[in-house]
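Now for the letters of each chain:
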Amino acid sequence: MNKDQIAFWGGIIIGGGVGFVLVGGGPGGAIGSVAGYLLFKIAFIFTKPDIFQACQKGDLDRVKELLQKKSSFNGFNSDRSTPLTCAAENDHFEIVKLLVKEGAELNKLHPKGATALMKAAFAGNERIVDYLIEKGADPTIKTKLKETAAEYAKGGGHSILEEKLRNFEVGK
């Protein structure tokens, strides 16, 4: 495809889950030479994952880079998740450890969401469940629907993990 074709019909780039349309001028227009450059810049900017995406995908290097830039890691995204929740539910143990070391809030609960422990339990990520509890995550916290991490483990079909988490409920 040449610059005139790009200028004529524009370009569409899908990156980082966001779609963009860049519409150029007619063939041979001045916009044609700029369109390719802009398409490249848009692709570069929007395909670099933010901290939520990096935690979900398991991109430890990107998470480290973002933490060095002081990216916020205790907020919620549109899915009601924190970066810690994203890493925990996707079994990215090294990222979970890094976020906890950096001060991630272990028991952070969105009013319509779940804690990192609950998400890890639902996914059956026992090593992360154990680690989060060891570091102070509370397995007895309840969601708005009165569900604990044990219910999340049950919902994910992880009966052994459910039993382990129920033992904490009995102790409180």
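Look up: the structure comes first, before these words.
Below is a summary of the structure that appears in this document. (Residues numbered from 1 in each chain as written. Predicted model: local features only at pLDDT ≥ 70, side-chain atom pairs only at ≥ 80, totals over all residues. Heavy atoms only, no water.)

## Overview of helix α6 (residues 93-101)
Right, so step 1: Regarding α6, the residues found buried are Phe93, Ile95, Val96, Leu98, Leu99 and Val100.
Right, so step 2: Among the structural elements, α3 (51-57), α4 (60-68), α5 (83-89) and α8 (126-134) are those in contact with the buried residues of α6. (Buried < 20%, exposed > 50% of the residue type's maximum accessible area, 1.4 Å probe, protein only. Helix = DSSP H or I, 4+ residues; strand = E, 2+ residues; numbered from the N terminus. Contact = heavy atoms within 4.5 Å.)

## Regarding the state of the cysteines
Right, so step 1: In the structure shown here, the tally under the stated rule is zero disulfides.
Right, so step 2: Left without a disulfide partner, Cys55 is nearest to the cysteine sulfur of Cys86, which lies 6.4 Å away. (Disulfide = S-S within 2.5 Å.)

## A word on the packing of α4 against α6
Right, so step 1: For the pair α4 and α6, the least separation of the axes is 10 Å and the interaxial angle reads 15 degrees. It follows from the interaxial angle that α4 and α6 lie roughly parallel. The handedness of the crossing between α4 and α6 comes out as right-handed. Between α4, through Leu60, Val63, Lys64 and Leu67, and α6, the contact on the second element is made entirely by Glu94, Ile95, Leu98 and Leu99. (Axes fitted to C-alpha atoms, helices over the stretch in contact; angles between N-to-C directions. Parallel < 35°, antiparallel > 145°, perpendicular 65-115°, else oblique. Left-handed = near helix turned anticlockwise from the far one by under 90°.)

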